[in-house]
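Okay, here's what each chain looks like letter by letter:
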Amino acid sequence: MLEMHKLLIGGLMTAALVSGAQVAQAQNQVNIGAIVPSSGPFAEWGRSNTVTLKMLEKEVNDAGGVNGAKLNIVILDDAAKPAQAANNMRKLAGDDKVLAVAGPLTSSACEVTFPVANELKTVTTSQASSKPGVAKANRPWAFRNTVDEGILAKTSVPYFTKTFGAKQVAIIYDAKDAVSTSIATKIMPGVFTEAGVKVINGDAPISFNTGDLDVSAQVTKLKSMNPDGIVIGADYSQAITVIREMKRQGLMKPVIGGTPLISSAILKAAPEIPVVAPATFYSTMDAPKAKKFVANLQPLLRNTSGLPKEIEPSMYDANIYEIVSMYIDAVKKSGVTGKAENLDADRTKIRDYMANLKGYEGFSGAIHFGEDGDAIKNFFIVQGQNGAWETKVTGCSAAGGGC
Amino acid sequence: MLLQQLVNGLTLGAVYTLVALSFSLVMGILSVLNIAIGELFMLGGFIGFAVIASQLPLPVALVVAMAGACTVSIIIQKIAYEPLRDAPMITPMLSTLGFSIILQNIVTNIWGSDPLQLPSELFDADFTIGPVRIGFMQLVVIGITIVLVAAVAFLVQRTAAGRALRAIAENRDVARLLGVSVDKTTLLAFGISGLLAGAAGVLISLHYSAITPYIGVDIGLKAIAVMVIGGTARVWGALLAGPLIGIAEVMTIAYGGSQIRDFIVYGLMILILLLRPQGLLGGPRSDVGQRV
Amino acid sequence: MSTYYAGLFADIGILFLGAMSVYIILATGQLSLGNAGFMGIGAYVASFLTVEMQWPLTAALIAAALAAAAIGIVVGFPALRLKGIYLAIATLGFGEMVRSFLLNFDRMGGSGGFHGMKHVSLEYIWLWGGGIFVLIVLLERSRLWLEMRAVHDDETAANLVGLNTTATKVGAFGFGAAVAAVSGGLFAHHHVYIEPGNFGFERSIDFVLAVILGGSTVGAGAVVGAGLLVLLPEWLRFLADWRLAAFGVLLVLVLLTRRQGILDRPLLDKLSLRRARA
């Protein structure tokens, strides 16, 4: 018990010292916050996000900082738990006095963190959440550097239909996950029907739950429907289970899904089954800015303990890099002072910068934000086959077309 | 499709059987819910993966993973259970929960949180009988499950160690008076429990060939339901209840109700608890006087 | 107080109420591993009433508590047939069934969750927390509590001396469910968003942990337990990737060194004696 007390008190003191030091330096540095899931089921994403942000911090400071001030990114782990994410937001905005926050990653965490961002009047931008309408419900301080799945499907579905000559498709989805459910039960059936493709089980899509290891019964049922293509509503780690099982049962049909499918891991699940999904970044994409980013980040990721040796930068690393870069751009261009007494005004300036963003160059081209707080940017419909992604169509998420 | 679904259900059921038996050994004998069993299962899977990835054959993977899970199970017994043996049953249950958190964290830090996949197609071979496609690994899973259940049944029912286990399950104080070594027997229960969880982990991870550090959580809860339905007094109960639940799940999915699957499994479990608390196969109940 | 600590104390208040719901049921010797189910029922009923029926929050919480109490009593009756770990497992099954039901309950959003609640203040949460705490302290000094403890210690004997053990046990389930529902209603109106995943097994276990860590023999123990469960993960942040493992280690250490929980009667007496002297 005594040891425990000591440990606790030690921890408290360390925490107090760290935050004290940050406040003392606040005069000559620019503070940005980040909420990432470095422990729990998405630890890998959170840890690679952390490495990405550390790299960005070093890049900026090596180049002379932000308007002469040092960039300081305060990174907090939410363990993918919504309540911890919301408290992280309170700590970053209230105690650490950051100008703006990047994160959180999951949609569940965004749902409870975005209202806090509005309460505390601090911009926060999620690097991954794509559940429909989450930023829209939390205007004006919440943004997401992700594209509405409904818009993406309008480009990915016609490509899929044409390429594979699909006449009828069947749906399987993760019923425990909100994004997957909305992609598979709301977005895809409508878009496929519009494209003249029959959705065999549109009324009763087959579901499983996050964490299920066995989806053999679901796949057997899919197979019995005799579809030309499979719609998978799931994040890539669950989708891998489904694709493995499809291969095992000999259901070698092309797969289509939303952005949550994008990862290098899914390419290894069954290389001979083509996977079509929309992406705004993938590690082998052919664009100078992205190539440089991957070349710098990949070795850092692979040398970090707690991350696998063959890891590649993910779309969420690219997104969070863009988010913090935008904030830095906002500080430089919109007269943010970084002084404690101007904190409220500075935060408002960053929000206005984000809302009126024009011509910021991200990895896929120019980025700006729509009325609903979601990013409008170029995206690629990519096809994964034989272990690599390849861009098949390039589109823009703006209502009219061009970005 | 029906036959194919039966095969699917039997394979899933085999997994449930092994994990349920793992729970049941500790619970039936010591009346303690070892929550970390889900994580022993997960750990077995990761160890098995590591062995296969370094080009060693399946039997080696099985043995190493079983030994690894067994060792951790014994550590749990020594630290989390033994000192709290006389405490109310919630306390050891929560200390095993502590271990399940620790194990998830350690595995995440070693192997990452992304699904670990087998690099090659080592175990994807299959053959067809009429309309039914059976995988090589499915046969291995079902076969090894039957062998392990039989071995445990033999141990519990036919050996001196088994008599000691049953004596303790019946009444610990009386068993001690009769000269049964409670310490050794408790260790044995945890050890076998770990062996079974480890074996289940390897089989499943190689069969489904994609695992994450959090796979133990849901399988663990399901296995508790299977344990209850089979009853903790008879080893063979798990072999009956596992496939029963596996097939019930598969049939719910096949005939329209994939969303209500969990609802049905847990509903069935509660029904059994109320109508036939000693489980399908019956037998005496060991915990009637247990206080929390 | 900083907004950060205000957020943490709100979480502590909500967890404290959840822990009290377990404490009440545990007082009669019954362990519930399904109280997150009652919490979920409370959260959804209260949110439905405030958002769609425009009820004031207090009325909605009371209604949610009554609804959950009714369900708690319905659950309590069959629970009479079960004891010890089997009862715990049955309640675990109940909790999972509620979660599975909410996941498929499209009227309230299903897996997409439910929004539209108004944020409540920290004071309001602790007004409920304090109120229910006072209620339980009063209960602990009543004859009814002695009856509950008697059922806990030896049910057969309690029956023999003419105590109505059925009413005591079922009543405890009803009261516990009501408190869990209040906790859920406050959770919904603190985070202004709920989804079925909020009310799973992990939450039920958190309630039990708070009670056992804090001290299961005194009501005040749950405050300590809830505080630790919320604050420890925050204080352990300096351990980075090993934060959760360290939490697990501390959990095991506390259980090994203080199996009766951090607070118990002797410690409370000592503390209050010292205060009296000062």
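One numbering rule holds for all chains: residues counted from 1, following each sequence as written. All chains are assigned letters beginning with A, and all ligands numbers beginning with 1, in the order in which they are written. A pLDDT threshold of at least 70 governs which residues receive local features in this predicted model, and a stricter bar of 80 or more applies before side-chain atom pairs are shown or counted, although totals over entire chains, interfaces and linings include all residues.

Asker: Looking at this structure, I do not really get the overall build of chain C. What am I missing?
Answerer: In terms of regular secondary structure, chain C is built from twelve helices and two strands. Listing the helices and strands of chain C from first to last along the sequence gives α-α-α-α-β-α-α-α-α-β-α-α-α-α. Seen through its C-alpha atoms, chain C measures out along the principal axes to roughly 50 × 45 × 35 Å. Residues are treated as contacting if the C-beta atoms built from their backbones sit within 7 Å of each other. In chain C, the proportion of contacts linking residues at least 24 apart, taken out of those at least 6 apart, comes to 79%. Note on conventions: DSSP H or I runs of at least 4 residues are helices, E runs of at least 2 residues are strands, and numbering of each starts at the N terminus.

Asker: Honestly, the sheet that holds strand E1 (residues 29–36) of chain A in this entry has me stumped. Any pointers?
Answerer: Either a parallel or an antiparallel arrangement is found when strands of a sheet pair, and the pairing is made through backbone hydrogen bonds. All names here are of chain A. When DSSP finds two or more bridges between two strands, those strands count as paired. An order of E2-E1-E3-E4-E5 is seen for the five strands of this open sheet, with the pairing classed as parallel. Each of the sheet's edge strands pairs with one partner strand only, and the pair in question is strand E2 (70–77) and strand E5 (142–144). Sheet twist, expressed as the average angle between the axes of neighbouring strands with direction ignored, equals 25°. Bridge count between strand E3 (residues 100–102) and strand E4 (residues 123–126): three bridges; the pairing is parallel. Bridge pairing in E4 links Ala102 to Thr125. Between N-to-C directions, angles cover 0 to 180 degrees, with each direction set by a line fitted to C-alpha atoms, over the stretch in contact for helices.

Asker: Can you walk me through the interface of chain C and chain B in this structure?
Answerer: When the parts of a complex come together, some accessible area is lost, and that lost area is often used as the size of the interface. Taken together, the contact pairs 37 residues of chain C with 41 residues of chain B. Elements supplying a minimum of two residues to the side of chain C that touches chain B: helix H4 (84–104), helix H9 (201–214) and helix H11 (243–257) of chain C. Among the elements that make up the side of chain C that touches chain B, the one with the highest residue count is H4 of chain C (twelve residues).

Asker: Is there a simple way to explain helix H8 (residues 165–191) of chain C in this structure?
Answerer: Counting along an α-helix, one turn takes 3.6 residues, and residues three or four places apart therefore face a common direction. Residue and element names in this part refer to chain C. Helix span, as expected, comes to 1.5 Å for every residue beyond the first. Here H8 contains 27 residues, and its C-alpha end-to-end distance of 39 Å stays within 8% of the 39 Å for a straight helix at 1.5 Å per residue. Labels follow a simple rule on C-beta atoms placed from the backbone: if 20 or more others lie within 10 Å of a residue's own, it is buried; if 12 or fewer, it is exposed; otherwise it is partly exposed. Along H8, 25 of the 27 residues are buried, which leaves the element largely enclosed by surrounding structure. Phi for Val192, located one or two positions after H8, is positive at around 50°.

Asker: Can you help me understand the interface of chain A and chain B in this one?
Answerer: On the side of chain B, 33 residues touch chain A, which itself brings 33 residues to the contact. Contributing elements (two or more residues each) for the side of chain A that touches chain B: helix H2 (43–62), strand E8 (206–208), helix H7 (216–224) and helix H8 (236–248) of chain A. It is H7 of chain A that contributes the most residues to the side of chain A that touches chain B, six residues altogether. Partitioning the side of chain A that touches chain B into residue classes produces 14 nonpolar, twelve polar and seven charged. Under the grouping applied here, Gly and all other residues not named as nonpolar or charged are polar, the nonpolar ones being Ala, Val, Leu, Ile, Met, Phe, Trp, Tyr, Cys and Pro and the charged ones Asp, Glu, Lys and Arg.

Asker: When you look at the packing of helix H5 (residues 136–158) of chain B against helix H10 (residues 235–254) of chain B in this model, what are you seeing that I'm missing?
Answerer: Each packed pair of helices is defined by two parameters, the angle between the axes and the distance between the axes. Residue and element names in this part refer to chain B. Packing of H5 against H10 leaves a shortest axis separation of 8 Å and a crossing angle of 155°. In terms of orientation, H5 lies roughly antiparallel with respect to H10. On the side of H5, the interface is formed by Val149, Val152, Ala153 and Val156, while H10 contributes Val235, Trp236, Ala238 and Leu239. A breakdown of the residues in the contact of H5 with H10 according to their chemical character gives eight nonpolar, no polar and no charged. Oblique is the label for any angle not under 35 degrees, not over 145, and not in the 65 to 115 range, which are roughly parallel, roughly antiparallel and roughly perpendicular in turn.

Asker: Would you take a moment to explain the packing of helix H3 (residues 82–95) of chain A against helix H1 (residues 3–26) of chain C for this structure?
Answerer: Where H3 of chain A contacts H1 of chain C, the two axes come as close as 7 Å, and the packing angle between them is 155°. Here H1 of chain C runs roughly antiparallel to H3 of chain A, going by the angle between their axes. Here H3 of chain A contributes Ala83, Ala86, Asn87, Arg90, Lys91, Gly94 and Asp95 of chain A to the contact with H1 of chain C, which in turn contributes Thr3, Tyr4, Gly7, Leu8 and Asp11 of chain C. Class assignment for the residues of the contact of H3 of chain A with H1 of chain C results in four nonpolar, four polar and four charged.

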